[in-house]
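# Reading the structure
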Amino acid sequence: MRRLHFLLVLAVFVPLAFGCQDDQDAPNPDCKTAATIRDLTGFDGCGFVLELSNGQRLEPHGPLWQNYAKHDGERVTISYVSAPTPSICMVGEGVTLNCIQQMN
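Residues numbered from 1 in each chain as written. Predicted model: local features only at pLDDT ≥ 70, side-chain atom pairs only at ≥ 80, totals over all residues. Heavy atoms only, no water.

Here we take up the confidence of the model for the protein. Per-chain confidence: the protein averages 82 in pLDDT, with 74% of residues scoring 70 or above. Under a pLDDT of 50 for its full length, residues 6–23 has, in the predicted model, one contact with residues more than four places off or in other chains. (pLDDT = per-residue confidence, 0-100. Contact = heavy atoms within 4.5 Å.)

Set out below in C-alpha cells:
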C-alpha cells in the first residue's frame, strides 16, 4: 500500500517539476520597438535613457527598467506606454516599459 501511495505521489509531482519550463529567455512577441540604451549620466539629472531609431528619446521608469542591467550602446526591443512623470533630465517622454529584451 505504501508503494502505491509513493507511486501516486510521483505520478503527480514529477510532471509538475519537469513540465514548468523557464520562459525567461523566450522572446516576447510584444517587444517590437527597437531602441538603443544611452548613458546620459554626464548630463545634469540624467541617467540611462532609451533612444528609438528615429532619434526620439524615452525616459523609462518602473520595475522592469530598474531591474534591467543597462549598458551604453546596447540594442534592445521594448514595448511601452506613455507615463508622463516629472523629470530633471527632460530629454524625452516619460514611459513605463511593458517588456524589454536584448536584441540578438
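Resuming the write-up.
A word on the packing of aromatic side chains. Counted according to the given criterion, the structure contains zero aromatic pairs. The ring of tryptophan 65 carries the charged tip of lysine 70 above its face, separated from the ring centre by 4.8 Å. (Phe/Tyr/Trp six-rings, centres within 6.5 Å; stacked < 30°, edge-to-face > 60°. Lys NZ or Arg CZ within 6 Å of the ring centre and 35° of its normal.)

Pairing within the closed barrel is mixed, and its five strands lie in the order S1-S2-S3-S5-S4. Put simply, the sheet's adjacent strands are angled 55° from each other on average, direction ignored. (Pairing = 2+ DSSP bridges. Helix = DSSP H or I, 4+ residues; strand = E, 2+ residues; numbered from the N terminus. Axes fitted to C-alpha atoms, helices over the stretch in contact; angles between N-to-C directions.)

This next bit is on the state of the cysteines. Evaluated as defined, the whole model comprises two disulfides. Note on cysteine connectivity: cysteine 31 is disulfide-linked to cysteine 99, with sulfurs 1.8 Å apart. Of this pair, cysteine 31 sits in the loop between helix H1 (2–19) and strand S1 (33–39) while cysteine 99 sits in strand S5 (residues 93–102), and the two are 68 residues apart along the sequence. Comparing cysteine 31 with cysteine 99 shows no difference in burial state: the two are buried. (Disulfide = S-S within 2.5 Å. Buried < 20%, exposed > 50% of the residue type's maximum accessible area, 1.4 Å probe, protein only.)

Attention now goes to the environment of glycine 62. Note on placement: glycine 62 falls in the loop between strand S3 (57–61) and helix H2 (63–67). On a C-alpha basis, the gap between glycine 62 and alanine 83 in space is 9.9 Å, while along the polypeptide they are 21 residues apart.

Of note in the backbone geometry, methionine 90 takes a positive phi value of approximately 55° without being a glycine. Mapped onto the fold, methionine 90 is located in the loop between strand S4 (75–82) and S5. Accessibility expressed as a relative area gives 65% for methionine 90, which makes it exposed.

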